Amino acid sequence: MFFSVTQSLLGGLWTTFQIFLFTLLFALPLGLILAFGAMSRWKILRGLVGTLVWIIRGTPLMLQLIIIFYGPGLWLSHNIWSGSEAGRITATVVAFSINYACYFSVIFRGGIEGVPVGQREAGEVLGMTKSQIFFKVTLLQMVKRVVPPMSNEIITLVKDTSLARIIAAYELTFAGYSFMKSSGITWPLFYTGVFYLLFVGILTLLFRYIEQKLSYFR
Amino acid sequence: MAVLEVKNIGKHFGSTNVLDDVSFTLEEGKALAIIGSSGSGKTTLLRCLNFLETPDSGSITVKGETLFDADHPIEGQEKDLRTKRLHFGMVFQAFHLFPQYTALENVTLAEKLLAKERPDFKQKKKEIYGEIEAHGKELLNRMGLAERMEHYPHQLSGGQQQRVAIARALALQPDILCFDEPTSALDPELTGEVLKVIRGLAEQHMTMIIVTHEMAFARDVADQIIFMDEGVIVEQGDPKQVIDHPREERTRQFLTKY
């Protein structure tokens, strides 16, 4: 029994991991783009980004996931996600990427605005281009500032992946839950918890390493 | 011939006139001190020279080349603006060193980035970087920081940080080096070492504009002095003349505070 539970949970973990990884992969750059949008000179763009962030942060991620997964099928009478597991994972990644990009954008904006104006001006008077100032001067200082709040969000993401169960994606929590449902046993639920703890534990170590790597300057 | 000609510079923020009809010239190899109380427009004037602010009126000419003319604004290409900026160096009150780079890297960063635009960069990259490093080390040596090259800014005292900032500004060999209250953020016991470096530069005939509250220093080191109040030049001339025998009542009032 233990073996089959482990096997099943590992299968769920794989789905959880894919949602986690692809969400990060898309949400990080999208969040940076949104952050630049929120700081844009154009009022309209700032307004659009502000509205998007308000809507996404103001409604439950589960609701967004339901709308993105079921919405297209109902509006277009054609399910763009296909009923397969891959389709469910894709829909989850899309919903999560939009959601997390909004949260990330706020963190990025804080990181960029937190770098003193003097840093940019020092670069300017030294004849650097705007992109040189961003990549060679501002970026690393911003990264250092955003690592602690980002580690919070990314750890939350690990656990938010369990929401994908609502559209029947066979992720880790769904895998643990299905044993309770089919066999009436509860220990796989605790076992599931251990998987999350290990996942988050590794991330915690990783973030500690990054913070330590960036501690050589202030 | 004057290396710098500033004509009728005006600048306002909202409804406040920060600079009003400011004109002066500076000869090559001379040091100009600008004094005046806070809010008199000294810093804004330096920021205009370094293109950190755009004047509303007037013109700035360096070595006969008009860098800025409010009457004939040229839609500035970034590259164009950068080239113009390099006529001036700037040392900030709060240093603004790049915290993630060592003292030496702070000094060499801009030069290395500029070198990438050289046509022979790809073939001679190593050689060029070697020269830049040597140049940076020499500058830090001149600043008395030979032992501090590999230190990060937070490992240095304020006076050391400001000397690194001076070396960084000198690295690009500007025609005119500007100092914006270079010792105002320093503890009194650290101002001496920075002033000594600036004095050394004056002795080597570096063309400089120094905004300062150090009257004795200005009187000693500068060849020319400007007293500003409420955005206008109230009095300018020989530093000993202006500080010891001011002609204007406003200058006299200001100097009694020192």
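Above this text you will find the structure in question.
Rules used throughout
Residues numbered from 1 in each chain as written. Chains lettered and ligands numbered in written order. Predicted model: local features only at pLDDT ≥ 70, side-chain atom pairs only at ≥ 80, totals over all residues. Heavy atoms only, no water. Helix = DSSP H or I, 4+ residues; strand = E, 2+ residues; numbered from the N terminus. Contact = heavy atoms within 4.5 Å. Areas by Shrake-Rupley, 256 points an atom, 1.4 Å probe, with all protein chains shown as cover. Lys, Arg positive; Asp, Glu negative; His and termini not counted. Charge placed at Lys NZ, Arg CZ, Asp CG, Glu CD. Rg over C-alpha atoms; globule rule 2.2 N^0.38 Å. Buried < 20%, exposed > 50% of the residue type's maximum accessible area, 1.4 Å probe, protein only. Pairing = 2+ DSSP bridges. Axes fitted to C-alpha atoms, helices over the stretch in contact; angles between N-to-C directions. Salt bridge = Lys/Arg side-chain N within 4 Å of Asp/Glu carboxyl O. Disulfide = S-S within 2.5 Å. Buried area = accessible area lost by both parts, 1.4 Å probe. Nonpolar A, V, L, I, M, F, W, Y, C, P; charged D, E, K, R; others polar. Core = buried A, V, L, I, M, F, W, Y, C linked by side-chain atoms within 4.5 Å. Parallel < 35°, antiparallel > 145°, perpendicular 65-115°, else oblique. Left-handed = near helix turned anticlockwise from the far one by under 90°.

J.: Any chance you could explain the overall build of chain A here in plain terms?
T.: When its secondary structure is counted, chain A shows eight helices and zero strands. Counting from the amino terminus, chain A carries its helices and strands in the arrangement α-α-α-α-α-α-α-α. If you take every contact in chain A between residues at least 6 apart in sequence, the share linking residues at least 24 apart comes to 78%. Total accessible area on chain A stands at roughly 11,500 Å², and carbon and sulfur atoms take up 70% of it. Separation between the mean location of the 17 positive side-chain charges and that of the 8 negative ones in chain A comes to 3 Å.

J.: Honestly, the overall build of chain B in this entry has me stumped. Any pointers?
T.: The helix and strand inventory of chain B stands at nine helices and ten strands. Taking 258 residues into account, the globule formula puts the C-alpha radius of gyration at 18 Å, and chain B, at 19 Å, falls close to it. Its C-alpha atoms give chain B principal-axis dimensions of about 60 × 45 × 35 Å. For chain B, with 258 residues in total, the buried portion stands at 56%. Within chain B, contacts between residues at least 6 apart in sequence are counted, and of these 66% link residues at least 24 apart. On chain B, roughly 11,800 Å² of surface is accessible, and the fraction owed to carbon and sulfur atoms is 46%. Taken as two groups, the 30 positive and 40 negative side-chain charges of chain B have centres that lie 5 Å from each other.

J.: Could you clarify how one ought to interpret the sheet that holds strand 9 (residues 224-229) of chain B in this entry?
T.: Adjacent strands of a sheet pair through backbone hydrogen bonds, lying either parallel or antiparallel. Residues and elements named next belong to chain B. Read from one edge of the open sheet, six strands run 6-7-8-3-9-10, paired in mixed fashion. Two strands lie at the open edges of the sheet, namely strand 6 (88-91) and strand 10 (232-237), each paired on one side alone. The average undirected angle you get between the axes of adjacent strands in this sheet is 20°. Taken together, the four bridges between strand 3 (residues 31-35) and strand 8 (residues 208-211) define a ladder with parallel strand orientation. The partner of Ala31 across the bridge, within strand 8, is Met208. Running at roughly 170° to strand 6, helix 5 (residues 158-171) makes contact with strand 6 and strand 7 (176-180) of the sheet. Across the face of the sheet, helix 6 (residues 188-203) comes into contact with strand 7 and strand 8 while running at roughly 150° to strand 8.

J.: What is the right way to look at the pattern of salt bridges in this model?
T.: Side-chain pairs of opposite charge can arise where the charged atoms are in close proximity. Going through the model one piece at a time under the given rule, you end up with 17 salt bridges over all chains. For Asp120(B), the salt bridge goes to Lys124(B), with nearest N and O atoms at 3.5 Å.

J.: Got a minute to help me understand the environment of Phe13(B) in this structure?
T.: All names here are of chain B. Locating Phe13 in the fold gives a position in strand 1 (residues 2-13). Each C-alpha atom, one on Phe13 and one on Asp56, is 9.9 Å from the other, the two residues being 43 residues apart in sequence. Those residues in contact with Phe13, other than ones at most four positions away along the chain, are Val18, Thr44 and Glu53.

J.: Help me out: how do you make sense of the state of the cysteines in this one?
T.: Disulfide: a covalent bond formed between the sulfur atoms of two cysteine residues. Under the definition given, this model contains zero disulfides over all chains. Counting only cysteine sulfurs, Cys178(B) is the nearest neighbor of Cys48(B), a cysteine outside any disulfide, at a range of 11 Å.

J.: Even after reading the chapter, I still don't get the side chain of Thr161(A), so can you show me in this structure?
T.: Residues and elements named next belong to chain A. Position of Thr161 relative to the elements: it lies in the loop between helix 6 (130-160) and helix 7 (172-183). Residue class for Thr161 comes out buried when judged on its relative accessible area of 0%. When sequence neighbours within four positions are dropped, the list of residues in contact with Thr161 reads Thr16, Ile19, Phe20, Phe96, Glu171 and Tyr196.

J.: Hey, could you run me through the interface of chain A and chain B in this one?
T.: The figure often quoted for interface size is the accessible area lost as the parts come together. At the junction of the two partners, chain A supplies 20 residues and chain B supplies 24 residues. The largest contributions to the chain A side of the interface with chain B come from Val125(A), Leu126(A) and Lys136(A), which together make up 29% of the buried area. Run the count over chain A and chain B and you get two salt bridges. Arg85(B) is paired through a salt bridge with Glu124(A); the nearest N and O atoms lie 3.1 Å apart. Those elements giving two or more residues to the side of chain A that touches chain B turn out to be helix 5 (117-125) and helix 6 of chain A. A class-by-class count of the residues in the side of chain A that touches chain B yields eight nonpolar, seven polar and five charged.

J.: Just to check I follow, could you spell out the side chain of Glu171(A) for this structure?
T.: With respect to the helices and strands, the residue Glu171(A) is situated in the loop between helix 6 and helix 7. Not counting chain neighbours up to four residues away, the residues in contact with Glu171(A) comprise Gly12(A), Thr15(A), Thr16(A), Thr161(A), Ser162(A), Ala164(A), Arg165(A) and Tyr196(A).

J.: Looking at this model, I keep getting lost on the nonpolar core. Mind explaining?
T.: The tendency in soluble globular proteins is for nonpolar side chains to be buried side by side. Membership of the largest hydrophobic core comes to 53 residues, with the highest contact counts inside it found for Phe20(A), Phe96(A) and Phe104(A). Looking at this core, the elements that each hand over two or more residues are helix 1 (2-38), helix 2 (43-58), helix 3 (61-76), helix 4 (85-114), helix 6, helix 7 and helix 8 (187-213) of chain A. Considering each element in turn, this core owes the most residues, twelve residues, to helix 4 of chain A. Contact partners of Phe96(A), with chain neighbours within four places excluded, come to Ile19(A), Thr23(A), Leu61(A), Leu65(A), Ala101(A), Leu157(A), Asp160(A), Thr161(A) and Leu163(A). Residues Val125(A), Leu46(B), Phe98(B) and Ile176(B) belong to the second largest nonpolar core, which totals 41 residues.

J.: Can you walk me through the packing of helix 7 of chain A against helix 8 of chain A in this structure?
T.: A pair of packed helices is captured by two measures, namely the crossing angle of their axes and the spacing between those axes. Residue and element names in this part refer to chain A. Taken N-terminus to C-terminus, the directions of helix 7 and helix 8 make an angle of 165°; their axes are 8 Å apart at the nearest point. Classified by the interaxial angle, the pair formed by helix 7 and helix 8 is roughly antiparallel. The element helix 7 and its partner helix 8 pack so that their crossing is right-handed. In this structure, helix 7 contributes Leu172, Thr173, Gly176, Tyr177, Phe179 and Met180 to the contact, and helix 8 contributes Pro188, Leu189, Thr192, Phe195 and Tyr196.

J.: Please explain unusual backbone geometry as it appears in this structure.
T.: Glycine aside, a negative phi is what most residues show, and trans is what most peptide bonds show. Residues and elements named next belong to chain B. Unusually for a residue other than glycine, Phe95 sits at a positive phi of about 65°. Following the sequence through the fold, Phe95 ends up in the loop between strand 6 and helix 3 (103-115). Residue Phe95 is classed as buried on the basis of its relative accessible area of 11%. Although it is not a glycine, Glu181 sits at a positive phi angle of roughly 45°. In this structure, Glu181 sits in the loop between strand 7 and helix 6. Among the residues examined, Glu181 registers a relative accessible area of 11% and is labelled buried.

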